[in-house]
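Notes for the structure review
Here are the chains, one letter per residue:
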Amino acid sequence: MRQVLLTDRAETLEAPADVRRTNLSEQEPAAYDVHATEKKWLPVWTALDPFRADDDDPREKRYALTMFPYPSGDLHMGHAEVMALHDVIARYWWLRGYNVLNPIGWDSFGLPAENAAIKRDEHPATYTYANIETQAESFRRYAVSFDWSRRLHTSDPEYYRWTQWLFLRFRERGLAYRKFSPVNWCPNDQTVLANEQVVNGMCERCGAEVTKRELSQWYFKVTDYAQRLLDDMEGLHGTWPERVLAMQRNWIGRSEGAHVDFTLNLADGSSKPVTVYTTRPDTLYGATFMVVAADAKLAGEIVAPAQRAAYESYLAGVRKESDIERLSTDRPKTGVDLGITATNPVNGEQVPVWAADYVLADYGTGAIMAVPAHDQRDLDFARAFDLPVRRVIDTGEDNPEVTGIATTGNGTYVNSSSDGLSLDGLTDKAAGIAKITAALVESGEGEGAVNFRLRDWLLSRQRFWGCPIPIIHCPDCGEVAVPDDQLPVVLPDLRGADLKPKGTSPLAAAEDWVNVDCPSCGGPAKRDSDTMDTFVDSSWYFLRYCSPDYTDGPFDPEKVRSWMPAHQYVGGVEHAILHLLYSRFFTKVLHDMGMVDFEEPFQALLNQGQVVNGGKAMSKSLGNGVNLGEMIDAYGVDAVRLTMVFAGPPEDDLDWADVSPSGSLKFLQRAWRLSGDVTSQSGVSFADGDVTLRRVTHKTVHDAESLIDGHRFNVLVARVMELVNATRKAIDSGCGPADPAVREATEAVAIMLSLVAPYVAEEMWERLGHQPTVAKTGWPVVDPALLVEESVTAIVQVQGKLKARLDVAPDIAAADLEALAMAEPAVLAALDGKTIRKVIVVAPKLVNIVIG
RNA sequence: GCGCUCGUAGCCCAAUGGCAGAGGCACCAGGUUUAGGUCCUGGCCAGUGAGAGUUCGAAUCUCUCCGAGCGCACCA
């Protein structure tokens with residue numbers, strides 16, 4: 001089926017019936033022609049290019065950033081929502097007189113586009129750049145206030161040259177390294193995946209079950225920054241969504257505990273030290289066995305000869321398991337006895353050592369002390385293999401050995417003493433942990449320790465459509481960096497070649513490209529044939545926007561200093577962990593390199609909700625998809641944007657079944673009609689206008705400011721609707737169309753509407769006798785005198801119950817208000833001789849009389 | 001299981017400790033119209049998931065419970 005493009009439907013579909021027919025009326029049209037208006041203004045704006053950021057503009061700078069799109073097909077409803085919301089902020093900043101940077105680019109390397117291109121038998125570059133053009137045109141029609149001059153694509157050599165350059169700098173700092181280890185493998189996409197890209201054991205992209213492979217791969221050492229990534233989230237409270245911070249905190253997964261040194265007593269009579277990590281060193285006396293991760297190297301080294309066969313067979317079974325099986329809950333514990341013992345450092349006790357898959361090789365030390373009485377997982381294991389359970393904390397609950405339920409709370413320590421050390425009688429977990437940790441430090445058998453769940457970022461991909469890794473493998477010199485002056489390592493075209501994933505990168509087959517001279521010794525060598533994860537590309541694009549044509553580095557430090565950190569980032573919550581964590585990591589590394597002077601790239605983050613239909617995510621299988629192009633053809637860009645913004649709070653999911661784009665269009669027509677009714681001349685003094693309407697206008701403009709700052713765009717729209725209603729009334733049954741206040745109100749409507757509905761706003765602006773563009777005309781100036789009401793309604797309560805309303809001056813004194821309240825008949829009746837205990841007066845809003 | 005967010009008219013949502021209703025959708029009536037739609041005017045509708053607490057006063061703050069969404073989940 002032919003793809004429906006936003007940009008090629010406008011001429012083929014007619015306007016909806018309601019728009020068309022109203023246009024038939026005689027002289028003055030009763031409704032504006034949606035599509036004619038779009039066609040009229042788009043070329044004007046393109047020519048005027050009003051949203052170009054100026055590095056040298058002395059006005060205060062504001063950086064409005066939206067997550068750059070991935071070029072798969074045309075824009076969809078999700079794009080329409082995020083851009084509508086984002087643009088309210090950017091356009092508002094323009095109107096407020098800031099020097100705004102609102103750039104756009106494309107995250108144009110990557111697997112989905114590569115897969116789609118292969119499926120169509122196209123080259124990924126052809127497919128990708130065609131999509132970019134389509135999306136760019138759609139964005140223009142959608143009238144997002146982008147600075148088109150800064151457009152970038154991560155797949156352009158001028159961009160990825162610097163991605164490679166950054167990789168080499170990271171490597172110089174020991175933050176990019178190569179390691180042979182088991183990795184996540186997607187058998188469908190034929191590539192490795194980062195931990196963050198494995199969702200419930202499935203490939204995040206294609207949904208295939210992820211398996212393990214042992215491969216030599218490149219990693220970024222994110223773990224070095226774990227603590228800082230955690231600590232610096234403190235400064236993001238209030239400006240980042242709480243749930244995103246929670247997700248990142250969770251993902252980083254800091255835990256405090258201790259390393260404890262046990263001694264392994266091997267089958268050949270020798271001994272070997274082993275360290276375990278535990279968050280509960282205070283339960284050390286309750287350790288009745290030890291468990292080593294089955295797939296840890298250690299297990300194979302220490303297993304007794306008599307148990308080797310059993311262990312090997314168990315390990316083979318573990319290796320075959322997919323993550324899906326491994327992660328399934330309620331799964332019975334499995335394991336195998338390694339046939340040796342370990343000595344507990346505090347009491348010299350010998351406990352059996354087992355191997356099991358519930359202990360993870362790559363967390364902590366890959367070995368644990370098992371305390372079944374106070375850890376559910378250990379207890380499950382103990383019960384499965386009939387291992388002893390010893391309670392060392394009496395919490396008052398039933399004995400775990402009997403109930404099968406481990407107790408993890410506070411209680412009184414028991415059975416916890418040995419020579420010179422005893423926890424018995426303590427009742428507090430923290431005290432127990434502190435005491436035993438101190439004792440372990442003293443005896444040299446352990447120490448306090450911190451662990452993170454965060455793993456290093458695996459960045460190699462065995463795919464074609466990505467940024468080449470600028471490393472050359474030389475048989476004599478080993479890994480050699482491509483010298484900076486030879487960057488970029490350009491991705492070979494390979495047009496006509498078979499680019500299908502085969503488990504090794506297609507680049508490896510490009511003989512001319514792979515075989516090079518070693519930059520170090522000049523001998524024959526080979527390029528690294530993997531490409532980088534696209535999240536590397538997107539971890540620094542926001543910096544590049546500040547100086548997109550800079551050729552002396554990834555970005556001009558001066559420009560970055562003047563624009564960054566971004567004041568507002570808008571995008572989907574699907575990037576709560578991956579992209580945002582990686583970008584924070586990159587920023588911190590660049591800070592440590594002295595290239596930027598800030599440590600957090602995004603001051604504020606707004607996650608828009610998802611656009612769903614009928615309560616469910618749009619999907620082909622459900623058949624509930626809504627096509628953006630069709631919506632725009634039917635209702636116009638403005639009505640679609642307005643619908644997105646008005647539907648509810650931006651963070652909430654937007655159910656297309658609950659909204660009314662036709663209602664949005666009706667409102668826009670209503671607003672537009674005002675501009676035709678105004679009869680006063682442009683430039684007329686508003687000061688003489690009807691003060692009642694002027695008050696509404698100024699209050700609305702004033703309130704709009706904080707509503708936008710608070711991202712309460714839906715309320716903003718409601719307030720503009722009120723202003724439109726008030727203006728309509730003033731025209732029809734109030735001060736009349738010639739009153740300057742009507743012009744003032746209508747101009748304010750046009751300006752505020754330009755945030756959401758730029759086309760109709762521009763059309764109104766022109767009909768009001770102004771030149772384009774309304775978007776750059778400036779925010780209306782609020783007269784504080786008009787914010788003060790002539791009179792306000794004060795409420796009078798007795799015991800919190802409403803008794804009377806009073807019209808009073810806004811600046812009434814508390815005592816006067818109280819006196820007025822006390823004189824109200826309804827109040828006197830309610831008091832009826834009762835004792836007044838207290839009178840609360842909040843002038844000029846309320847009086848509350850408390851009686852005894 | 002843990003974490004985060006959230007429960008307000010038939011529906012989407014306002015009310016930032018002070019009269020529960022701003023706006024819209026849907027619905028109904030009247031006017032306009034040859035008619036339908038548009039447009040104009042008016043109307044209809046809940047006591048805020050349940051319970052307790054703090055307070056002069058709670059949709060709003062606190063606690064417990066119920067329900068929903070999202071995220072994490074054998075990380076010792």
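All of the points below concern the structure found in this document. (Residues numbered from 1 in each chain as written. Chains lettered and ligands numbered in written order. Predicted model: local features only at pLDDT ≥ 70, side-chain atom pairs only at ≥ 80, totals over all residues. Heavy atoms only, no water.)

What follows is about the packing of helix H25 (residues 740-753) against helix H26 (residues 758-767). Two quantities define a packed helix pair, namely the angle between the helix axes and the distance between the axes. Contact geometry for H25 and H26: axes closest at 8 Å, N-to-C directions at 150°. By the angle class used here, H25 and H26 are roughly antiparallel. H26 is crossed by H25, and the crossing has left-handed handedness. Across the interface between the two elements, Thr-746, Glu-747, Val-749, Ala-750, Ile-751 and Leu-753 from H25 touch Pro-758, Val-760, Ala-761, Met-764 and Trp-765 from H26. Class assignment of the residues belonging to the contact of H25 with H26 gives a composition of nine nonpolar, one polar and one charged. (Axes fitted to C-alpha atoms, helices over the stretch in contact; angles between N-to-C directions. Helix = DSSP H or I, 4+ residues; strand = E, 2+ residues; numbered from the N terminus. Parallel < 35°, antiparallel > 145°, perpendicular 65-115°, else oblique. Left-handed = near helix turned anticlockwise from the far one by under 90°. Contact = heavy atoms within 4.5 Å. Nonpolar A, V, L, I, M, F, W, Y, C, P; charged D, E, K, R; others polar.)

Moving on: the packing of aromatic side chains. Counting across every chain of the model gives 37 aromatic pairs. Between Phe-109 and Tyr-160, the aromatic rings sit 5.5 Å apart at their centres with planes inclined by 40°, giving tilted as the arrangement. Taken together, the residues Phe-109 in the loop between strand E3 (103-106) and helix H4 (111-119) and Tyr-160 in helix H6 (residues 157-172) connect sequence positions 51 residues apart. Classification of Phe-109 as buried rests on a relative accessible area of 0%. Residue classification places Tyr-160 among the buried positions, given a relative accessible area of 2%. When the ring of Tyr-358 is compared with that of Phe-381, the centres are 5.4 Å apart and the planes differ by 45°; the resulting orientation is tilted. In this pair, Tyr-358 sits in the loop between strand E14 (350-356) and strand E15 (367-370) while Phe-381 sits in helix H12 (residues 376-385), placing the two residues 23 residues apart along the sequence. Assigned by exposure class, Tyr-358 and Phe-381 land together as buried. Among the aromatic residues, those joined into a ring-pair cluster are Phe-167, Phe-170, Trp-218, Phe-220, Tyr-225, Trp-457, Phe-535, Tyr-582, Phe-585 and Phe-586. Above the plane of the ring of Trp-148 lies Arg-140, whose end atom (NZ or CZ) is 4.3 Å from the centre. Sitting above the plane of the Trp-185 ring, Arg-213 keeps its charged end 4.1 Å from the centroid. (Phe/Tyr/Trp six-rings, centres within 6.5 Å; stacked < 30°, edge-to-face > 60°. Buried < 20%, exposed > 50% of the residue type's maximum accessible area, 1.4 Å probe, protein only. Lys NZ or Arg CZ within 6 Å of the ring centre and 35° of its normal.)

A few words on the protein's contact with RNA strand B. Lining the immediate environment of RNA strand B, one finds 49 residues, of which Thr-279, Arg-331, Arg-377, Arg-670 and Arg-712 sit closest. Here the atoms of RNA strand B within 4 Å of the protein split so that 61% fall in sugar or phosphate, with bases taking the remainder. Within the side chain of Tyr-363, a nitrogen or oxygen atom sits 2.8 Å from a phosphate oxygen of RNA strand B. Between a sugar or linking oxygen of RNA strand B and a side-chain N or O atom of Glu-722, the distance comes to 2.2 Å. Residues that form the surface near RNA strand B fall into these classes: 19 nonpolar, eleven polar and 19 charged. (Near = heavy atom within 4 Å. Polar contact = N/O pair within 3.5 Å; in protein donor to acceptor, adjacent residues only side chain to side chain.)

Before going further, it helps to spend a moment on the sheet that holds strand E23 (residues 471-474). Neighbouring strands of a sheet are bound in pairs by backbone hydrogen bonds; such pairs are parallel or else antiparallel. Judged by pairing direction, the sheet is antiparallel, and its four strands sit side by side in the order E24-E23-E26-E25 without closing on themselves. Of all strands in the sheet, those bounded by a partner on one side alone are strand E24 (478-481) and strand E25 (515-517). Neighbouring strand axes in the sheet, compared pairwise and without regard to direction, differ in orientation by 40° on average. (Pairing = 2+ DSSP bridges.)

Every regular strand shows the same layout, with side chains that alternate between the two sheet faces. Across the six residues of strand E1 (residues 61-66), six count as buried, placing the element largely inside the fold. Neither face of E1 is open: one carries Lys-61, Tyr-63 and Leu-65, the other Arg-62, Ala-64 and Thr-66, and all of them are buried. Alignment of E1 against strand E2 (residues 99-101), held across three bridges, turns out to be parallel. Bridged to Tyr-63 within E2 is Leu-101. With helix H3 (residues 77-95) bridging E1 and the parallel E2, this β-α-β connection has right-handed handedness. Bridge count for E1 against strand E28 (residues 568-572) is three bridges, and the pairing is parallel. Its bridge partner lying in E28, Ala-64 is registered against Gln-568. (Right-handed = clockwise from strand over helix to strand, strands pointing away.)

All told, the structure shown has 45 salt bridges when counted by the stated rule. One salt bridge connects Arg-141 with Glu-38, and the closest N-O pair in it is separated by 3.4 Å. Placement of the pair is Arg-141 in helix H5 (residues 124-141) and Glu-38 in helix H2 (residues 34-48), with a sequence separation of 103 residues. Note on Glu-38: relative accessible area 5%, which makes it buried. (Salt bridge = Lys/Arg side-chain N within 4 Å of Asp/Glu carboxyl O.)

So, on to unusual backbone geometry. Residue Pro-565 is bonded to the preceding Met-564 through a cis peptide linkage, with omega at -5°. Turning to its location among the elements, Pro-565 is positioned in the loop between helix H18 (557-563) and E28. Here Ala-143, not a glycine, exhibits a phi torsion of approximately 65°, which is positive. Relative to the assigned elements, Ala-143 resides in the loop between H5 and strand E4 (147-153). In this model, Gln-190 sits at a positive phi of 55°, which is unusual for a non-glycine residue. Structurally, the position occupied by Gln-190 is in the loop between strand E5 (176-186) and strand E6 (191-193).

It is worth spelling out the sheet that holds strand E9 (residues 211-220) at this point. Strand order across the open sheet formed by four strands is E6-E5-E9-E21, with antiparallel pairing between neighbours. Where the open sheet ends on each side, the last strands, each with one partner, are E6 and strand E21 (457-458). Of the pairings in the sheet, the one linking E5 to E9 comprises ten bridges and is antiparallel in character. Bridging from a neighbouring strand, Trp-185 pairs with Thr-211 of E9.

Another point: the nonpolar core. Membership of the largest hydrophobic core comes to 90 residues, with the highest contact counts inside it found for Tyr-142, Met-644, Leu-753 and Trp-779. Each residue touching Met-644, except ones within four places of it in the same chain, is listed here: Met-77, Ala-80, Glu-81, Ala-84, Tyr-142, Val-611, Leu-654 and Trp-656. If you look at the next biggest cluster of nonpolar residues, it comprises 87 residues, including Phe-220, Ile-469, Val-514 and Phe-542. (Core = buried A, V, L, I, M, F, W, Y, C linked by side-chain atoms within 4.5 Å.)

Where burial is concerned, most of strand E12 (residues 289-293) is hidden: five out of the five residues are buried. Of the two faces of E12, the one lined by Phe-289, Val-291 and Ala-293 and the one lined by Met-290 and Val-292 are each fully buried. Note that E12 and E15 share four bridges and pair antiparallel. Bridge pairing links Met-290 to Met-369 in E15.

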